[in-house]
Amino acid sequence: MMIDLVFNSPEEEVDFEPINKHQLTLFFKRDDLIHPFISGNKWRKLKYNLLKAKAAKKTHLVTFGGAFSNHILATAAAGAKFNFKTTALIRGEEADNQILGLCRIFGMHLIFVSREAYKNKERLYQQYFKNESQTFFIDEGGYGEDAEKGCREIISELENSYDYLFCAAGTGATAAGIINGANTTNVNTEINIVPALKGGDFLKPEIDKLLITPHPYNLHTEYHFGGYAKTKPALIDFIKDFSQKTGILLDPVYTGKVLFAINDLANQNYFKPQSKILMIHTGGLFGILGMLEKFR
């Protein structure tokens, strides 16, 4: 089957008074609308991996992630859609949750491994699949040059110009793609990256090694709310307020942190008045299922 997915990712102006009151105009690049399961940057990061696997006549995708990984779910759905067998090595003790349940419905085989063993993914891959020539390795979160290449297309799709661009970062591949896209197309916008993890400065070398040429960008590392998949009441309340006022859902792992950062920076007069701000809504909304009790 040909790897092709027609999708819609519009640029949408978002009316949110806490940011608009600073004489700013907020837009979202709605990658969350790409596909219900192969959502947002997950599709972009898988796209060229899938093309490469198909060209190499591989039939079995093998990837890695945590028990609430949106990437795992996206890979399971993509495998079902494009006729690949799929397996995921899951970090930590055996679990059963809504996301893993959906993965199983899409036909994905799940292997749970210890957190210590998970640290060396190449070794795990060889341990389980060294004798299977039809397997294709996809790193955790889809990270790598093929992921960066897919995310680069975010910039080439833009129909409007913006003064500031914001995006979340987990592995750094999406950020690198955006920076490369801006560099190669001479887009004149200030690029701002918000790590979802504590101590997010470690992402800089991960981003930089995927850059075609150096290009300026800002890392805002103070909006992690305790670390990856961690949150605090202030973030939960902010997401609830935004979603109730706009009808757009954010998640507390990535996109909620990015918009919180934009709002906080606006309150600090970081932006020039009359500026246009674009936030990349990277999807991944199923991650909220593991935190629903925090929204009560």
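Residues numbered from 1 in each chain as written. Predicted model: local features only at pLDDT ≥ 70, side-chain atom pairs only at ≥ 80, totals over all residues. Heavy atoms only, no water.

1. As for the sheet that holds strand β3 (residues 60–65)
- The strand order β5-β4-β3-β6 describes an open sheet built from four strands, whose pairing is parallel. Edge positions in the sheet fall to β5 (109–113) and β6 (135–137), since each has one partner strand and no second. Mean inter-strand twist for the sheet, computed between neighbouring axes without regard to direction, equals 25 degrees.
- Pairing geometry for strand β4 (residues 85–91) and β5, over five bridges, is parallel. The residue of β5 that forms the bridge with Ile90 is Phe112. (Pairing = 2+ DSSP bridges. Helix = DSSP H or I, 4+ residues; strand = E, 2+ residues; numbered from the N terminus. Axes fitted to C-alpha atoms, helices over the stretch in contact; angles between N-to-C directions.)

2. Observations regarding the layout of surface pockets
- Taken as a whole, the largest pocket spans an internal volume of roughly 980 Å³.
- Taken together, 44 residues form the lining of the largest pocket, with Gly66, Arg91, Glu140, Tyr228 and Tyr254 sitting closest to its centre.
- Of all the secondary-structure elements, those providing two or more residues to the lining of the largest pocket are α2 (41–55), β3, α3 (70–82), β7 (164–169), α8 (173–184) and α9 (203–208).
- In the lining of the largest pocket, the residues fall into 17 nonpolar, 16 polar and eleven charged.
- In this structure, the second largest pocket encloses a volume near 180 Å³.
- For the second largest pocket, the full set of lining residues is Asn49, Lys52, Phe136, Phe137, Ile138, Asp139, Gly142, Tyr143, Gly144, Glu145 and Asp146.
- Of all the secondary-structure elements, those providing two or more residues to the lining of the second largest pocket are α2, β6 and α7 (145–157).
- Per-class residue counts for the lining of the second largest pocket are four nonpolar, three polar and four charged. (1 Å grid on protein atoms, 1.4 Å probe; cavity = no way out; pocket = protein on both sides within 12 Å on 5 of 7 lines; lining within 4 Å. Points joined across faces, edges and corners; volume = space filled by probe spheres on them. Nonpolar A, V, L, I, M, F, W, Y, C, P; charged D, E, K, R; others polar.)

3. So, the packing of aromatic side chains
- With the rule as written, the count across this model stands at 20 aromatic pairs.
- Seen in terms of ring centroids, Tyr125 and Phe129 are 5.9 Å apart; in terms of plane orientation they differ by 40 degrees. Their pairing is tilted. One end of the pair is Tyr125 and the other is Phe129, both in helix α6 (residues 121–129) and four residues apart, which spans about a single turn. Comparing Tyr125 with Phe129, the two get one shared label, buried.
- The ring of Tyr254 carries the charged tip of Lys42 above its face, separated from the ring centre by 5.5 Å.
- If you follow Lys276 out to its NZ or CZ, it ends over the ring of Tyr162, 5.3 Å from the centre. (Phe/Tyr/Trp six-rings, centres within 6.5 Å; stacked < 30°, edge-to-face > 60°. Buried < 20%, exposed > 50% of the residue type's maximum accessible area, 1.4 Å probe, protein only. Lys NZ or Arg CZ within 6 Å of the ring centre and 35° of its normal.)

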